[in-house]
Amino acid sequence: MAVSHHLGFPRIGAKRELKWALERYWKGEIDQATLESEGKFIRADNWQKQIDANHDYISVGDFSWYDHVLDMSVLLGVVPERFTTSTDKLDINTYFRMARGRAPVGSDVHACEMTKWFDTNYHYIVPEFNQDQDFQISSDKLFSEVREAQALGKQIKPILLGPLSYLWLGKAKQADFNKLKLLEKLQCAYVKILEKLQTMGISWVQIDEPILVLDLPLAWQKAFHETYQLFKKIPVKLLLTTYFGGLQNNTELACRLPTAGLHIDVVRAPEQLSAVLTYLPAEKILSVGIVDGRNIWRTDLRKALNTLKPLHEQLGQRLWISSSCSLLHCPVDLDLEIALDGEFKSWLAFAKQKLVEINLLVRALNEGELSMERELCESDLSVKSRQNSSRIHNHIVKNRSSEVTDSMIARQNPYSVRRGVQQSHLKLPLFPTTTIGSFPQTSTIREIRRDFKSGKLNNEGYRHNIRNEIANVIHKQLDLGIDVLVHGEAERNDMVEYFGELLEGFAFTNHGWVQSYGSRCVRPPIIFGDVSRSSAMTIEWISYAQSLTQKPVKGMLTGPITILCWSFVRDDQSRFETAKQIALALRDEVTDLVNAGTQIIQIDEPAFREGLPLRQSDWQEYLDQAVYSFRLASCCVPDHVQIHTHMCYSEFNDTIEAIADLDADVITIETSRSDRELLNAFEKFNYPNEIGPGVYDIHSPCIPTVDEIVNLINKAAQHIPIQQLWINPDCGLKTRDWKETELALKNMIVAAGVLREKYKVLEAVV
Ligand code: GLN
Ligand code: ZN
């Protein structure tokens, strides 16, 4: 008999109950007991869903108040000293202070760093290790949740982040030392945790080691051997899980580790199955992750069964069926989407529906397909309707994409020629000043959009109000003396959603929330069909803004890679094909902007780097495709039109050549928080075009001084010719208020003046 289970369920609750409870607790509106009971309710509900879907194992330990990596840190007692003053004990407030720097109880401190969980849009709290780090069981949360679940009378499978992945994801603080030096102590703590679970009557523990899909140094491969050899002595069965990719050169290692079971992701890496079967020891359980935990599409059950049947014949009860990875990355319940039409809904499955799919597959294997005929036919119908639907397939779009030629991804002339044309056209001063696009999103702006959406404000009223906002920011920028203006993006709630709503091929949900970090959730658009643009998306606003001033106003678009990375993407064609279609739609907008007289167009690609694949061997292909898509969107403009792009980070070492390859005339980037990293990249590589290293951190309420800005540009000028430098903040200003914004920009303009004065002579000489 095959066995059903999943690798983790979303913890936010179907209606984001966790978010609301957390935020009320943080504000002091509810007490800890009320918060705890809300958590209990979410866990009970999640477990009930697993019971209703007939799963053989109920997962425990996937619930978290903020983040499961932080949970692990607290379980192991990895709490940096700044959070442990004598009066504070390691309680939920310490936990929240680690995550957020503050909590209802305890003093404020700077929070732990947060970063992206592998290649997902989920962020985890980075563990901080010091050289003599101790690991000590310091929290009862996991064990008490195990007891809570055991009361249900079902088989329980606790989930732990494995020791090697935990160590890998953390950072050595104070001194830089080899984290593997901590492994022995860490192993001891894990042994204690596993032993404790065993004494509680647990027979299986899921131990996540997703780093097995990365390029691992030899020392880490060895560390895997050692660690799991040691765990062998504990009489609890370990299901070692890997996900987000294939095991590749770690296949033999993962198969031979002395664990009772191994889980692999055959959605992301179906090709690894045969290699895994070659190395899988005769008695080992194989858990096959065949229901996509990263996307919202309904599983093609018939196709999945064709993969699973021969495995079932070969492995029998050693075959477990599961989600490819934790369902954390999926929204909770499709049943809540009452506004979606039946056809579209029939193509989708959220976390709750995916539990059912896993069960259907297991039953079809165990009881025969005939017993499942109705469900299988339904699945077939959904597959067919997606294959043939005219809502998905647009032959004009497909033909256009197949006819893209190389000349479409190249500007008319190289930057060296364009530069002169643009200079005589735009007549910008040395160190031109600009901003990244958005200005403060005031409550008035949010109200205008809300009222328009709800119908309270008609089209005409909405347009009138947005125009007022545009006029307001144009005048403010003119007063400040900024050289290249923006319209302020008041009409945009979100830089991807705005375009998704105007493009064909996108759909939106009402409750399709996915945790991004802590209480923050995002609702990614669903790209379900061929993408095209039916009418202009930004021209009206940009033209209006431009009509108010002689100074150039930038056209503002979100780039194809960012739209792709921040959406649920269709799985019936390659991501590159979808990126090309988005790029062509944006190209139409770029063309219209040029025809409307726009002289500068910025195409934001903040997600350019986060799209990098997990394995370095896959980087080049991704970068080539990302560059291709950006160029396809932007290269249709004449020489005098200046293309800008923006990226919000500065880890450029890995991607700087590809970024140069975008051939944008100007790039604005973040630098203020990590100027050293950026300048390192520019020391090694002569960036050929113009660049605006963000001169102040927009994430902080601090107002940058003139001196700070001047110093930063002086530093940049040591590596980048001054004629190539722009002056701008490091990201959009929508989260700031006007008072801060105006003070900061005033200083930025004064700093530009100081710098122009200082370098004037130099420029004359050059
Ligand atoms: N143009 C966008 C803004 O200014 C860019 C946002 C981003 O980089 N994430 O808000
Ligand atoms: Zn940014």
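Preceding this section is the structure that the text describes.
Residues numbered from 1 in each chain as written. Chains lettered and ligands numbered in written order. Predicted model: local features only at pLDDT ≥ 70, side-chain atom pairs only at ≥ 80, totals over all residues. Heavy atoms only, no water.

Peer 1: Sorry if this is basic, but what is going on with the overall build of the chain here?
Peer 2: Tallying secondary structure elements over the chain gives 27 helices and 22 strands in all. Relative to the 2.2 N^0.38 estimate, which gives 27 Å for 766 residues, the radius of gyration of the chain is 27 Å and therefore close to what a compact globule would have. Projecting the C-alpha coordinates of the chain onto the three principal axes gives extents of approximately 80 × 65 × 50 Å. The 766 residues of the chain split such that 58% are buried. Of the contacts made within the chain by residues no fewer than 6 positions apart, 78% connect residues no fewer than 24 positions apart. Surface accessibility of the chain: about 30400 Å² in total, with carbon and sulfur atoms responsible for 50%. Placing the 85 positive and 99 negative side-chain charges of the chain at their respective mean positions leaves the two points 2 Å apart. (Helix = DSSP H or I, 4+ residues; strand = E, 2+ residues; numbered from the N terminus. Rg over C-alpha atoms; globule rule 2.2 N^0.38 Å. Buried < 20%, exposed > 50% of the residue type's maximum accessible area, 1.4 Å probe, protein only. Contact = heavy atoms within 4.5 Å. Areas by Shrake-Rupley, 256 points an atom, 1.4 Å probe, with all protein chains shown as cover. Lys, Arg positive; Asp, Glu negative; His and termini not counted. Charge placed at Lys NZ, Arg CZ, Asp CG, Glu CD.)

Peer 1: Would you take a moment to explain the environment of His 487 for this structure?
Peer 2: Residue position: His 487 is located in the loop between α18 (459-480) and α19 (497-502). For His 487, a relative accessible area of 1% translates into the label buried. Taking the C-alpha atoms as reference, His 487 lies 9.5 Å from Arg 467; in sequence the two are 20 residues apart. With near-sequence residues (within four places) excluded, His 487 lies in contact with Ile 470, Val 473, Arg 492, Trp 541, Ile 542, Ala 545, Val 553 and Met 556. There is a polar contact of 2.9 Å between the side chain of His 487 and the side chain of Glu 491. (Polar contact = N/O pair within 3.5 Å; in protein donor to acceptor, adjacent residues only side chain to side chain.)

Peer 1: It is not clear to me how the packing of helix α2 (residues 32-52) against helix α5 (residues 141-150) should be interpreted in this structure. Could you clarify?
Peer 2: For any two helices packed against each other, one specifies the crossing angle of their axes together with the interaxial distance. The geometry of α2 relative to α5 is characterised by a closest axis approach of 11 Å and an angle of 50 degrees between their N-to-C directions. With respect to α5, the element α2 is oriented oblique. When you trace α2 past α5, the crossing you get is right-handed. Listed contacts from α5 to Lys 40, Arg 43 and Trp 47 of α2 are Glu 145, Glu 148 and Ala 149. (Axes fitted to C-alpha atoms, helices over the stretch in contact; angles between N-to-C directions. Parallel < 35°, antiparallel > 145°, perpendicular 65-115°, else oblique. Left-handed = near helix turned anticlockwise from the far one by under 90°.)

Peer 1: Where do I start with the sheet that holds strand β19 (residues 600-604) in this structure?
Peer 2: Two strands in a sheet stick together by hydrogen bonds in their backbones, pointing the same way (parallel) or opposite ways (antiparallel). As summarised here, the arrangement of the 5 strands in space is β17-β19-β20-β21-β22, forming an open sheet in which the pairing is parallel. Here the strands that pair on one side only, and so sit at the sheet edges, are β17 (554-558) and β22 (690-693). Between one strand and the next, the sheet's axes are offset by a mean angle of 20 degrees, whatever the strand orientation. As paired elements, β19 and strand β20 (residues 642-647) share 5 bridges and run parallel to each other. If you follow Ile 600 over to β20, its bridge partner there is Gln 642. (Pairing = 2+ DSSP bridges.)

Peer 1: What's the story with the sheet that holds strand β12 (residues 319-323) in this structure? I'm lost.
Peer 2: Strands sit in the order β1-β12-β11-β10-β9-β8-β6-β2 across an open sheet of 8 strands; the sheet is parallel. The open sheet is flanked by β1 (3-4) and β2 (58-60), the only strands paired with a single partner. The sheet contact formed by β2 and strand β6 (residues 156-161) spans 3 bridges and is parallel. Paired with Ile 58 across the bridge in β6 is Ile 156. This element, helix α7 (residues 183-199), spans β6, β8 (204-208) and β9 (237-241) of the sheet and lies at about 170 degrees to β6. Relative to strand β11 (residues 285-291), helix α11 (residues 301-315) is tilted by about 175 degrees, and along the sheet it contacts β11 and β12.

Peer 1: Would you mind going over the site of ligand 1 with me for this structure?
Peer 2: In the vicinity of ligand 1, the contacting residues are Ile 436, Gly 437, Ser 438, Glu 489, Met 495, Asp 604, Pro 606, His 646, Cys 648, Cys 731 and Gly 732. Within the side chain of Glu 489, a nitrogen or oxygen atom sits 2.9 Å from a nitrogen atom of ligand 1. Within the complex, the protein chains bury 90% of what would otherwise be the 300 Å² of accessible surface of ligand 1. For the shell around ligand 1, a count of residues per class yields 5 nonpolar, 4 polar and 2 charged. (Near = heavy atom within 4 Å. Nonpolar A, V, L, I, M, F, W, Y, C, P; charged D, E, K, R; others polar.)

Peer 1: Looking at this structure, I do not really get helix α4 (residues 92-100). What am I missing?
Peer 2: A turn of α-helix holds 3.6 residues, and therefore any two residues three or four places apart point the same way. Across the 9 residues of α4, 8 count as buried, placing the element largely inside the fold. Within the span of α4, buried status applies to Ile 92, Asn 93, Thr 94, Tyr 95, Phe 96, Arg 97, Met 98 and Ala 99. One side-chain oxygen of the residue at the start of α4 lies 3.0 Å from the amide nitrogen of Asn 93, identifying that residue as Asp 91. Trailing α4 by a residue or two, Gly 101 shows a phi angle of about 85 degrees, which is positive.

Peer 1: Would you take a moment to explain the packing of α18 against helix α20 (residues 539-547) for this structure?
Peer 2: The contact between α18 and α20 brings their axes to 10 Å, and the two run at 45 degrees. Judged by the angle between their axes, α18 and α20 are oblique. Where α18 crosses over α20, the two elements pack in a sense that is right-handed. In contact with Tyr 462, Arg 463, Ile 466, Arg 467, Ile 470, Ala 471 and Ile 474 of α18, α20 contributes Glu 540, Trp 541, Tyr 544 and Ala 545. Split into classes, the residues belonging to the contact of α18 with α20 amount to 8 nonpolar, no polar and 3 charged.

Peer 1: So what exactly am I meant to see when it comes to helix α22 (residues 575-595) here?
Peer 2: Over its 21 residues, α22 runs 30 Å from end to end, which matches the ideal 30 Å to within 8%, given 1.5 Å per residue. Backbone geometry just downstream of α22 places Gly 597 in the positive-phi region, at approximately 95 degrees. (Expected span 1.5 Å × (residues − 1).)

Peer 1: Honestly, the nonpolar core in this entry has me stumped. Any pointers?
Peer 2: For soluble globular proteins, nonpolar side chains are generally found buried alongside one another. Counting residues in each nonpolar core, the largest one holds 104 residues, and the members touching the most others are Phe 431, Ile 601, Phe 608, Met 647, Phe 652 and Phe 682. Excluding residues within four positions of it along the chain, Phe 608 makes contact with Ile 561, Thr 562, Tyr 622, Leu 623, Ala 626, Val 627, Met 647, Tyr 649, Thr 655, Ala 658, Ile 659 and Leu 662. Among the nonpolar cores identified, the runner-up in size contains 92 residues, and Leu 160, Leu 167, Leu 194 and Val 266 belong to it. (Core = buried A, V, L, I, M, F, W, Y, C linked by side-chain atoms within 4.5 Å.)

Peer 1: Honestly, the coordination of the zinc ion (ligand 2) in this entry has me stumped. Any pointers?
Peer 2: When a metal carries six donors in an octahedron, the ideal angles between them are 90 or 180 degrees, while four donors in a tetrahedron ideally lie at 109.5 degrees. Taken together, the protein ligands of the zinc ion (ligand 2) are His 646 (NE2), Cys 648 (SG) and Cys 731 (SG), with distances of 2.0 to 2.3 Å. One can describe the site at the zinc ion (ligand 2) as irregular: its 4 donor atoms subtend angles covering 83 to 125 degrees at the metal. All donors of the zinc ion (ligand 2) come from a single chain, and their spacing in sequence reads H-x1-C-x82-C. Highlighted residues: Cys 648 in the loop between β20 and α24 (656-661) and Cys 731 in the loop between α26 (706-717) and α27 (738-765), separated in sequence by 83 residues. Assessed through its relative accessible area of 16%, Cys 731 is described here as buried. (Donors = N, O, S within 2.8 Å, 3.2 Å for Na, K, Ca; no water. Tetrahedral: all angles 85-135°; square planar, octahedral: opposite > 155°, others 65-115°.)

Peer 1: I'm lost on the pattern of salt bridges in this one. Help?
Peer 2: As a working rule, side chains carrying opposite charge can pair if their charged atoms are close by. Evaluated as defined, the whole model comprises 48 salt bridges. A salt bridge links Asp 215 to Arg 615; the shortest N-O distance between them is 3.3 Å. With Asp 215 in the loop between β8 and α8 (218-231) and Arg 615 in the loop between β19 and α23 (619-634), the pair connects residues that are 400 residues apart, well separated along the chain. Its relative accessible area of 36% is what places Asp 215 among the partly exposed residues. With a closest N to O distance of 3.4 Å, Glu 373 and Arg 302 form a salt bridge. One end of the pair, Glu 373, is in helix α14 (residues 373-388); the other, Arg 302, is in helix α11, and 71 residues separate them in sequence. Overall, the relative accessible area of 29% leaves Glu 373 in the partly exposed class. Residue classification places Arg 302 among the partly exposed positions, given a relative accessible area of 22%. Sharing partners across several salt bridges, the network here consists of Arg 43, Asp 71, Lys 141, Glu 145 and Glu 148. (Salt bridge = Lys/Arg side-chain N within 4 Å of Asp/Glu carboxyl O.)

Peer 1: Hey, could you run me through the side chain of Gln 272 in this one?
Peer 2: Positionally, Gln 272 belongs in helix α10 (residues 272-279). Contact partners of Gln 272, with chain neighbours within four places excluded, come to Gly 245, Gly 246, Leu 247, Ile 264 and Asp 265.

Peer 1: What am I meant to see in a negative patch on the surface here?
Peer 2: A cluster of acidic residues, Asp 618, Glu 621, Asp 624, Glu 657 and Asp 661, forms a negative patch at the surface. For the negative patch, the secondary structure elements donating two or more residues are α23 and α24. On the secondary structure map, Glu 657 appears in helix α24. Given the relative accessible area of 57%, Glu 657 is considered exposed. (Patch = residues over 30% accessible without salt bridge, like charges linked within 9 Å, V, L, I, M, F, W, Y side chains within 5 Å.)

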